[in-house]
Amino acid sequence: MSSKMLGHIYTKKSKNSAQLEEDSLAAVDKSDSNGLKLKVIALNVLLKTLSVDNAIDILMIADTCHADQLKSHVLRFIVSKAAEVLNSEGWKKMQSSKSQLTVEAMLAIAASIDPRNIIMAK
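What counts and how
- Residues numbered from 1 in each chain as written.
- Predicted model: local features only at pLDDT ≥ 70, side-chain atom pairs only at ≥ 80, totals over all residues.
- Heavy atoms only, no water.
- Axes fitted to C-alpha atoms, helices over the stretch in contact; angles between N-to-C directions.
- Helix = DSSP H or I, 4+ residues; strand = E, 2+ residues; numbered from the N terminus.
- Parallel < 35°, antiparallel > 145°, perpendicular 65-115°, else oblique.
- Contact = heavy atoms within 4.5 Å.
- Salt bridge = Lys/Arg side-chain N within 4 Å of Asp/Glu carboxyl O.
- Buried < 20%, exposed > 50% of the residue type's maximum accessible area, 1.4 Å probe, protein only.

**A short note on the packing of helix H7 (residues 89-97) against helix H8 (residues 99-111)**
Relative placement of two packed helices is described by the angle separating their axes and the distance separating the axes.
Here's step 1: The contact between H7 and H8 brings their axes to 6 Å, and the two run at 125°. Judged on the interaxial angle alone, H8 and H7 are oblique. Touching Trp-91, Met-94, Gln-95 and Ser-97 of H7 are Ser-99, Leu-101, Thr-102, Ala-105 and Met-106, all from H8.

Okay, structure coming up:
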């Protein structure tokens with residue numbers, strides 16, 4: 001793991017936070033049991049920084065790094081902020097590069113809709 005990644009994990013300062021967290025998760029995913037502790041730290045940093053602006057980036061990181069709990073948490077966040085996230089640049093990026101993940105997010109949003117609130121056109 002690079003000194004940039006370690007520095008970011010401990011100081012939480014970086015110009016490209018999502019990329020460093022993705023690199024951190026990828027690196028610790030391949031390492032030993034000490035990597036598990038670092039992975040937990042990196043996952044917690046991602047959770048603490050989750051926002052409408054970076055939700056899709058974090059979802060793609062979680063998917064790529066097989067971080068299922070993080071992915072579930074981000075999907076719930078996306079459902080709760082669907083109107084904003086669906087209009088984000090990240091959403092557009094995911095639609096063109098990760099179609100299966102886009103479908104998964106759309107299914108999560110659709111599952112959250114209460115059918116009693118749908119007004120059918122006559």
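**Regarding the pattern of salt bridges**
Here's step 1: Inspection of the entire model under this criterion finds four salt bridges.
Here's step 2: Salt-bridge contacts for Asp-57 lead to Lys-93; the nearest nitrogen and oxygen are separated by 2.6 Å. Highlighted residues: Asp-57 in helix H4 (residues 55-64) and Lys-93 in helix H7, separated in sequence by 36 residues.
Here's step 3: On the basis of relative accessible area, Lys-93 is assigned to the partly exposed category, the value being 40%.
Here's step 4: Between Glu-104 and Lys-71 there is a salt bridge whose closest N-O contact spans 3.0 Å. Of the two residues, Glu-104 is situated in helix H8 and Lys-71 in helix H5 (residues 68-80); the sequence distance between them amounts to 33 residues.
Here's step 5: On the basis of relative accessibility, which here comes to 29%, the residue Glu-104 falls in the partly exposed class.
Here's step 6: When salt bridges with common partners are traced through the structure, they connect Asp-63, Lys-71 and Glu-104 into a single cluster.

**Things to note about the environment of Trp-91**
Here's step 1: Tracing the chain through its elements places Trp-91 in helix H7.
Here's step 2: Considered as a pair, Trp-91 and Ile-56 are 35 residues apart in the sequence and their alpha carbons are 6.2 Å apart.
Here's step 3: Ignoring sequence-local partners within four residues, the contact set of Trp-91 consists of Ile-56, Val-85, Leu-86, Thr-102, Ala-105 and Met-106.

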